[in-house]
Amino acid sequence: MKPYLWMTDFTPQREWIDGKGLLLWMAFFFSEVGAGLYLVSLFLGFWTGCLTGWISCGLLGGGLHIAYLGKPMRAWRSVLRPKSSELSRGIILMGAFVILGGLQLAPGVDFLSGLPWKGDSLLFKIVLGILAFFVIIHGFITLSFMRAVPFWNSATMPALSLSSGVWMGTQVSMALALILGQTQVLGTVEPVARWFFFSYVLLVLFYLWGAGHGPLASQKSLALMIKGDLAPLFFLVVVPVALFIPSMITLYFFSKPVETAVGLLWIRIFSAVLGDVALRYCIFKAARYMPLINSNIVSGPRFHN
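Everything quoted here is computed from the prediction, not taken from an experiment. (Residues numbered from 1 in each chain as written. Predicted model: local features only at pLDDT ≥ 70, side-chain atom pairs only at ≥ 80, totals over all residues. Heavy atoms only, no water.)

Caption draft 1: Structural context of the overall build of the protein chain. Each helix and strand counted, the protein chain has 12 helices and 2 strands in total. Each of the 305 residues in the protein chain was classed as buried or not, and the buried ones make up 49%. Of the contacts made within the protein chain by residues no fewer than 6 positions apart, 75% connect residues no fewer than 24 positions apart. Carbon together with sulfur atoms contributes 72% to the accessible area of the protein chain, which is approximately 14,400 Å² in total. (Helix = DSSP H or I, 4+ residues; strand = E, 2+ residues; numbered from the N terminus. Buried < 20%, exposed > 50% of the residue type's maximum accessible area, 1.4 Å probe, protein only. Contact = heavy atoms within 4.5 Å. Areas by Shrake-Rupley, 256 points an atom, 1.4 Å probe, with all protein chains shown as cover.)

Here is the structure:
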């Protein structure tokens, strides 16, 4: 990237999506989906789901975050500035979630069953529910504070991440229930899945609408997604796989119990996960920095990478 482009052109955001930045893109996904799975499973009493969500969030999400930081032995210093750093607050939230989640799950382990506390206590559920909620939304909250990237600087981002995290959590919990043969979980999860899925669809549409009516840099980012290099991914994966297929299957389940159409349920699960990963990639990849100096370059269409 030529240095002067930072001043005069809509410069691509590369730090969080190209090269090593792909680690952060996946870290956000595993952290939010894991916390969403934990939150859904927590209030269902589905402890296998809680354990899987804890592993996804803490080991996969947290591990990828540390790998992205590059120097794990020094990364702990970022915890020291919670008043001024979203990164610091995020690490503290994640650490609290991992530690307290581990304590909640510990009594379920055979050789730790004699511990003097119960994992299903109301206090644990409230505290872990709150922590899971903030872990889900924290990543997109961080993005929404970045004024230099108008495509991300949207109040819709935290709500979108919450609907995405819980929607994905319901789908992964259903996959686990099918694998373990605990089909009684499906009927309980489905109403929650419907509510958060349709919220997810509406928030995606509202987010894109807002980007199209936002600052010029935000409009250029949206144009890249729907007209430029990302258009094939958006229209061939995000629209049909993340939105259309799950919509049709979810509407079908209004008239039929989910237990009667396991094949369709698996299709929805795979579509939801693949589509959400693709949508997140588009949101990260399309982002453009606002130029510091107005010029004739800015007024022209720039849909390339």
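Caption draft 2: Local environment of the pattern of salt bridges. Going through the model one piece at a time under the given rule, you end up with 6 salt bridges. In this structure, the salt-bridge partner of arginine 14 is aspartate 18, at a minimum N-O distance of 3.1 Å. Across the pair glutamate 32 and arginine 280 runs a salt bridge, and its minimum N-O distance is 2.7 Å. With glutamate 32 in helix α2 (residues 21-42) and arginine 280 in helix α11 (residues 262-286), the pair connects residues that are 248 residues apart, well separated along the chain. The pair formed by glutamate 32 and arginine 280 is uniform in burial state, with each residue classed as buried. What you see here is one network of salt bridges that share partners, running through Arg14, Asp18 and Lys285. (Salt bridge = Lys/Arg side-chain N within 4 Å of Asp/Glu carboxyl O.)

Caption draft 3: Just the nonpolar core, in detail. Core analysis: the largest hydrophobic core is formed by 62 residues, its most contacted members being Phe151, Trp152 and Phe284. Excluding its chain neighbours within four sequence positions, the residues that come into contact with phenylalanine 284 are Gln13, Trp16, Ile17, Trp25, Phe28, Phe140, Leu143 and Trp152. Ranked by size, the runner-up nonpolar core spans 16 residues in total, among them Leu176, Phe253, Leu265 and Ile269. (Core = buried A, V, L, I, M, F, W, Y, C linked by side-chain atoms within 4.5 Å.)

Caption draft 4: View of the confidence of the model for the protein chain. Counting all residues, the mean pLDDT for the protein chain is 88, and 88% of those residues have values of 70 or more. By mean pLDDT, helix α12 (residues 296-299) is the weakest element of the protein chain at 50, and helix α10 (residues 231-252) is the strongest at 97. Under a pLDDT of 50 for its full length, residues 299-305 has, in the predicted model, 20 contacts with residues more than four places off or in other chains. (pLDDT = per-residue confidence, 0-100.)

Caption draft 5: Region of the structure containing the environment of threonine 260. Topologically, threonine 260 is positioned in the loop between α10 and α11. Of note is the side chain of threonine 260, whose polar atom sits 2.6 Å from the backbone oxygen of proline 257. (Polar contact = N/O pair within 3.5 Å; in protein donor to acceptor, adjacent residues only side chain to side chain.)

Caption draft 6: Representation of the packing of helix α9 (residues 216-226) against α10 within the structure. Contact geometry for α9 and α10: axes closest at 5 Å, N-to-C directions at 65°. Across the interface between the two elements, Leu224, Met225 and Ile226 from α9 touch Ala231, Phe234 and Phe235 from α10. For the contact of α9 with α10, a count of residues per class yields 6 nonpolar, no polar and no charged. (Axes fitted to C-alpha atoms, helices over the stretch in contact; angles between N-to-C directions. Nonpolar A, V, L, I, M, F, W, Y, C, P; charged D, E, K, R; others polar.)

Caption draft 7: Local environment of the layout of surface pockets. Quantified by volume, the second largest pocket comes out at close to 210 Å³. For the second largest pocket, the lining is made up of 13 residues, of which Trp47, Leu105, Ala106, Gly108 and Val109 are closest to its centre. Where the lining of the second largest pocket is concerned, the elements lending two or more residues are α3 (47-69) and α5 (86-105). Of the residues that constitute the lining of the second largest pocket, the class distribution is 7 nonpolar, 5 polar and 1 charged. (1 Å grid on protein atoms, 1.4 Å probe; cavity = no way out; pocket = protein on both sides within 12 Å on 5 of 7 lines; lining within 4 Å. Points joined across faces, edges and corners; volume = space filled by probe spheres on them.)

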